[in-house]
Amino acid sequence: MSTPPAPMRIPPGWPHCGHGSDPATDPVGCPGIHVPGHTACLAHLDDDDRTFYLDGLFPGADVDHRGTPFTSALVLALREALTDPTTRSIHVGEALFSGAHFSGDAGFAAWKFTSEALFDGAHFSGRASFGSVTIIGEPIFDGAQFTGTADFNDAHICMSHFTGAQFFSTATFEQTQFADGTGFHGAHFNGRAIFDNAQFSMAYFGEAHFSGEADFNGAQFTDTANFTETQFSSTASFRDVQFTSDAHFFQAQFSAAEFFQAQFSSAAVFGHTQFSGPARFGDVQFSGPARFVGVHFSDDADFRGAQFAVTPRLEAMVCAGVMDLSGVVFKEPVALEVAGREVRCERTRWESTATLRLRYATVDLSHAVLSFPVAVAAHPTAFRVSNFTGTSMAMSESLLAGHLPAVQVTSVRGVDAAHLMLTDTDLSDCLFSGAFHLDQLRLEGRCAFAPTPTGLHRRNRIWPYRWSRRRALAEEHHWRAHTANQPTSPRGQVPSPRDWRTGPDHPDPDLTPDPEDVAALYRQLRKAFEDGKNEPGAADFYYGEMEMRRHDRIDTPPGERALLWGYWLLSGYGLRASRALGWLFAAVAATIVLMMGLGLPDSSPQQVATGTVPAGGGKVTLVVDKKDPRLTLPVGDRFTVERFDKAVQVVLNSVVFRTSGQDLTTWGTYTEMVSRFTEPVLLALAVLAMRSRIKR
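Here's a quick rundown of the structure. Note that the coordinates shown come from a computational prediction; the quantities given were computed from them, not determined experimentally.

Rules of the game
- Residues numbered from 1 in each chain as written.
- Predicted model: local features only at pLDDT ≥ 70, side-chain atom pairs only at ≥ 80, totals over all residues.
- Heavy atoms only, no water.
- Patch = residues over 30% accessible without salt bridge, like charges linked within 9 Å, V, L, I, M, F, W, Y side chains within 5 Å.
- Areas by Shrake-Rupley, 256 points an atom, 1.4 Å probe, with all protein chains shown as cover.
- Salt bridge = Lys/Arg side-chain N within 4 Å of Asp/Glu carboxyl O.
- Helix = DSSP H or I, 4+ residues; strand = E, 2+ residues; numbered from the N terminus.
- Buried < 20%, exposed > 50% of the residue type's maximum accessible area, 1.4 Å probe, protein only.
- 1 Å grid on protein atoms, 1.4 Å probe; cavity = no way out; pocket = protein on both sides within 12 Å on 5 of 7 lines; lining within 4 Å.
- Points joined across faces, edges and corners; volume = space filled by probe spheres on them.
- Nonpolar A, V, L, I, M, F, W, Y, C, P; charged D, E, K, R; others polar.
- Arc of directions from axis to C-beta.
- Phe/Tyr/Trp six-rings, centres within 6.5 Å; stacked < 30°, edge-to-face > 60°.
- Lys NZ or Arg CZ within 6 Å of the ring centre and 35° of its normal.

### What about a nonpolar patch on the surface?
Turning to step 1, where the next piece is worked out: Judged by side-chain polarity, L569, L570 and W583 come together as a nonpolar surface patch covering roughly 260 Å² of accessible area.
Turning to step 2, where the next piece is worked out: Mapped onto the elements, L569 comes out in helix α6 (residues 558-571).
Turning to step 3, where the next piece is worked out: We classify L569 as partly exposed; its relative accessible area is 42%.

### What to know about the layout of surface pockets
Turning to step 1, where the next piece is worked out: The space that makes up the largest pocket amounts to roughly 1700 Å³.
Turning to step 2, where the next piece is worked out: What lines the largest pocket is a set of 46 residues, and nearest its centre among them are T362, Q408, T410, D429 and G492.
Turning to step 3, where the next piece is worked out: Among the elements of the structure, β44 (334-344), β47 (362-364), β52 (408-411) and α3 (474-483) are those that each provide at least two residues to the lining of the largest pocket.
Turning to step 4, where the next piece is worked out: Ranked by the residues each element gives to the lining of the largest pocket, the list is headed by β44, at 4 residues.
Turning to step 5, where the next piece is worked out: Here the residues of the lining of the largest pocket sort into 16 nonpolar, 18 polar and 12 charged.

### Some points on helix α2 (residues 72-81)
Turning to step 1, where the next piece is worked out: Those residues of α2 lying buried are L74, V75, L78 and A81. Burial along α2 is one-sided: seen end-on, the buried residues are contained in an arc of 120°.

### Overview of the packing of aromatic side chains
Turning to step 1, where the next piece is worked out: For the structure on display, the rule yields 100 aromatic pairs.
Turning to step 2, where the next piece is worked out: Aromatic side chains F141 and F162 sit 4.8 Å apart centroid to centroid with 5° between the ring planes, which places their arrangement in the stacked category. Of this pair, F141 sits in the loop between β12 (139-140) and β13 (145-146) while F162 sits in the loop between β15 (156-161) and β16 (166-167); the two residues are 21 residues apart in sequence, bridging distant segments of the chain.
Turning to step 3, where the next piece is worked out: For R459, the ring lying beneath its charged end belongs to Y465, and the centroid distance is 4.3 Å.
Turning to step 4, where the next piece is worked out: Its guanidinium or amino end placed over the ring of W568, R550 lies 4.1 Å from that ring's centre, counting from NZ or CZ.

Laid out in C-alpha cells, this is it:
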C-alpha cells in the first residue's frame, strides 16, 4: 500500500487555529477552523471549552470543522453530541469537513446528513466508515484521500462528487445507492474497489484509474454510465450489471474485463477501447446499439451466448487471441470486421444478413445457423477507422506481427451452405462433412484447397510414383493419412508438403470419413462450381469424386471399380491430357513396330488375270486373282526407312479411324483393327481432358 504525499502547507481560506506554527518550519500550523466564539479548532480547544461546545450541539445541528485534525475519540464525541437520545439515530445538518484530517478510524456509519456534506480535500489515515450513511444534500469528496479502507456500504447518497479522490486501500460501495448522479472523474483507486449491487442514476467515472480489482457485479445504472478514458489496471468485473441507459467506455483501458450476463438496454459504446487481458462478454444482452469500433484485444475476446437485438457496429477490431462468437445471436443485419488470430462461430445464429470481413483469422463455422445470406471474405488491407478529428486512419496490426493476413476457414460442418458465400479464403483444412446443400455453396475469388503431396514417393519402398497435382478436400487428406498409417502431426506445426494432412481425430477409424462420404462431398462441390459456370474449377472435384469411388470397396461394385481403374490409368478420368497423349504415343509407337516387324509383307502382291480362249472363238472369261501377302524377309531387313514410312501411314490413318489401303499380313490386319479402335479412343480422351480445362 503506497503512502499519500504530504499535504502542502498553504494557509486555508478561513480563520484557522495555527496551533503548533513555527515561522521557520511551519508558518501555517494547524489549519482547523475556529470553533465559534474561540480562536482554536475543535481539536485544540481546552477540555472545558470542547465539552461546552459539544454539549451545545443537538441532532440536526450544522457543524463546520474544516481543516480540523480528528482522532477516533474526537469523532466519537462529535457523534454522541449529534445522536438523538430517544431513537439513537445521528442527525447533522450542514456538515463542513473540507481539508479535515482523520488520523484514526473515522466512524460516520449510519449518520444522516440532511444538508451538504463537504469532505473535499479531507485526509482519512485510518478506516473511513460511511456504511449505511444517508446524505440528502450534496456530498463532496473531491480530492479526498483515503489511506485506509473506505467503507460506503449500504449508503444512500445524492449527487455525490468524488472528483480526484484517492483511495489507497480497499474502497467498498456495496449496495450503495447513488441518487441524482455521482462523479468519480479522475478518481484513483489503488486498492480494490467494490461497487457490487450498487445503484447508480447518472454515473461518471471518466479518466478514473483502478489500480486494483474493480467489482461492479450486480450494479444497476438507470441513467448514463460514463467510463470514458477510464483505466482498469487489474480485473474489472461487471457481471450481471444492468445498464438501462447509454454506457460509454470510449478509449477505456482494461486489463482483464468480465461482463458476463450484463444487460445493455441502450447504447453500449466501446470505441477505441483497449483490452490487454481476456475480455469476457458471455451471455451479454445488447438490446440497444452496440458499438465496438477500433477496439484492441491483446488476449481472448469471449462473446459466447451474447445477443444483439439491433444492428451493432463491430468494425475495425484487432484481436491477438481468440474471438469467440459461439452461440451468439444476431437478430439484425451485421457487418463484422476483425483482424484476429482465430474467430469461432460455432452455433452462431444469424437471423438476418451478415458480412464477415476478416484478416489473419482462422474461422470455425461449425453448426452455425444461417437464416439469411452470410458472406465471409478476406479483407485485402488493414481496416480503417475515423480518429477524433474525423480523419480516417489505418488500424495498427502490431498485435498480429509475424502472422499472414490470409483467412482460413476450418469447418462448415452442420451449416446450411445455401446461404453461405466464401471469398478469397483458404479452405485447405476446412471440414465439409455434415454440411447441408453444399451444391449451393458460393465460392468467389481465390479460394484455396489443400494440394496433393509433392515429390517422388515409393510404393512398398520399390516402385516410384507421384501424386497427380490437384486440389483436394481435407477429408480426403484425413482418409489417405489414415490408410497410409501416417503419424499424427504435432499440433501447431505446419504439415510437410510431401505428406497427407492428418485430421483432428487421427487415427481413430470411426471418426475418419469413408471414401463414400468424401465422394458425396466432392460431387456436391463439383456441382457448386458447375452452377457457377466454372467448369475448369470443377474438374479437380470430379477427379476427387472418381478417386473416392475407385477406392470405395463397399458401395462400388467390382466391375465398376475395374472400369474406374482403367479410366484413371488411361486418362486420369478424362482430365489428364498428358496421360492420354502418352498412352496414344505409346500405342502408335507399338503399332508402328508391330507393322514393321509383322504386319507389312515383303512387297505388295501383283494381280494375275487367267482365262481360256475358245478354239472356235467366242466369249473369253478372265479370272483376276491376287496372292496372299507374305512376310519372308529376315528380321534385320524388316526395319527399314521405306517400311517405317508405310507403317506410319497405316498407323496415322488408324488414329483418325481411316483405312490406309495398304496390303497387310494376317498379323498386320488384326493389329490395324485393334489400333483403329484404341487409338481414336485415346485421342478422344486427350481432347476431352483439354476441353475440361478450357471450357467456360
